[in-house]
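These are the residues of each chain, in order.
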Amino acid sequence: MKLLTTNFIKCSVKACESSNKSFPLKYSNDCQLELNFEDDDEIVQSSYEFLIGILDKIEWEALLKVCQDLGNNDLPPNKPVLNEDVSNLNDNEKLILKQLFNLLVNTEIVEGSMSCDSCEHIYQIKNGIPNLLLPPHLS
Ligand SMILES: [Zn+2]
């Protein structure tokens, strides 16, 4: 699963829906990542609008927390504010977008697990696919 996905999944246990501890899930420190960093600037550029749209929706605090779980403390503490006009991006903004592209889209969590801070249920990630199904007594 792409790192971006971590910003959109929370615990599926019903009792956790109202808990603010069920998002983001906590990622185990044995998670295996696969990085496929894109160096082709044209591919990155063709994704600028997508990335700016995604950046708008992202919960930055949650992203910071997940990145910390995965051993990455390089993100700025606050969500970057970018020019929405793609044709007017400055070099610094382009660099930020490239880094976000590589972090969110080109970083895959292939193996590991994630757990809910509220109910402590553990969800496995295998072959890049998170298993969000619950055993019958929880669903
Ligand atoms: Zn839960």
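Quantities reported herein were computed from a predicted structural model and do not represent experimental measurements.

1. Some points on the overall build of the protein chain
Then, number 1: Check the secondary structure of the protein chain and you find four helices and five strands.
Then, number 2: Of the regular secondary structure in the protein chain, the N- to C-terminal order runs β-β-α-α-α-α-β-β-β.
Then, number 3: Its C-alpha atoms give the protein chain principal-axis dimensions of roughly 55 × 30 × 25 Å.
Then, number 4: Classification of the 139 residues of the protein chain by burial places 43% in the buried group.

2. Quick notes on the coordination of the zinc ion
Then, number 1: Donor atoms from the polypeptide that coordinate the zinc ion comprise Cys 11 (SG), Cys 16 (SG), Cys 116 (SG) and Cys 119 (SG), at 2.2 to 2.4 Å from the metal.
Then, number 2: Within one chain, the residues serving as donors to the zinc ion are arranged as C-x4-C-x99-C-x2-C. Of this pair, Cys 11 sits in the segment before β1 (26-27) while Cys 119 sits in the loop between β3 (107-115) and β4 (122-126); the two residues are 108 residues apart in sequence, bridging distant segments of the chain.

3. Observations concerning the pairing of β4
Then, number 1: On β4, burial follows the alternation: Tyr 123 and Ile 125 on one face are buried, whereas Ile 122, Gln 124 and Lys 126 on the facing-out side are not.
Then, number 2: As judged from the four bridges shared by β3 and β4, these two strands associate in the antiparallel manner. Looking at β4, one finds that Gly 112 is bridged to Ile 125.
Then, number 3: Counting the residues that bridge the hairpin from β3 to β4 gives six residues, and of these Glu 120 lies at a positive phi of roughly 70°.
Then, number 4: Note: β4 against strand β5 (residues 129-130), two bridges, orientation antiparallel. Its bridge partner lying in β5, Ile 125 is registered against Pro 130.

4. Looking at the nonpolar core
Then, number 1: Ranked by size, the top nonpolar core spans 38 residues in total, and within it Leu 3, Tyr 27, Trp 60, Leu 63, Leu 104, Ile 109 and Met 114 carry the most contacts.
Then, number 2: For this core, the secondary-structure elements that each account for two or more residues are α2 (48-57), α3 (60-69), α4 (91-104), β3 and β4.
Then, number 3: If we ignore the near neighbours within four places in the chain, the residues touching Ile 109 are Met 1, Leu 3, Thr 6, Tyr 27, Cys 31, Gln 32, Leu 33, Leu 70, Ile 125 and Gly 128.

5. Topic: the environment of Met 1
Then, number 1: Residue placement: Met 1 occurs in the segment before β1.
Then, number 2: The buried category is assigned to Met 1, whose relative accessible area is 6%.
Then, number 3: For Met 1 and Val 110, which are 109 residues apart along the polypeptide, the C-alpha to C-alpha distance reads 6.6 Å.
Then, number 4: Once you skip the residues sitting within four places of it in the chain, Met 1 turns out to touch Thr 6, Ile 9, Tyr 27, Thr 107, Glu 108, Ile 109, Met 114, Ile 125, Gly 128 and Pro 130.

About the thresholds
Counting restarts for each chain: residues are numbered from 1 in the order of the written sequence. A pLDDT threshold of at least 70 governs which residues receive local features in this predicted model, and a stricter bar of 80 or more applies before side-chain atom pairs are shown or counted, although totals over entire chains, interfaces and linings include all residues. Excluded from the side-chain calculations are hydrogens and water; all other atoms, namely the structure's heavy atoms, are used. Helix numbers and strand numbers start at the N terminus; a helix is a DSSP run of H or I with at least 4 residues, a strand a run of E with at least 2. Buried residues are those whose accessible area, probed at 1.4 Å on protein chains only, stays under 20% of the maximum for their type, while exposed residues exceed 50% and partly exposed ones sit between those limits. Each metal's donors are the N, O and S atoms found within 2.8 Å of it, except that Na, K and Ca use a 3.2 Å limit; water is left out, so coordination can look incomplete. In this description, strands pair whenever DSSP reports at least two bridges between them. Throughout, nonpolar core names a set of buried Ala, Val, Leu, Ile, Met, Phe, Trp, Tyr and Cys residues whose side chains join them through atoms within 4.5 Å. The criterion used for residue contact is that any of the two residues' heavy atoms lie within 4.5 Å.

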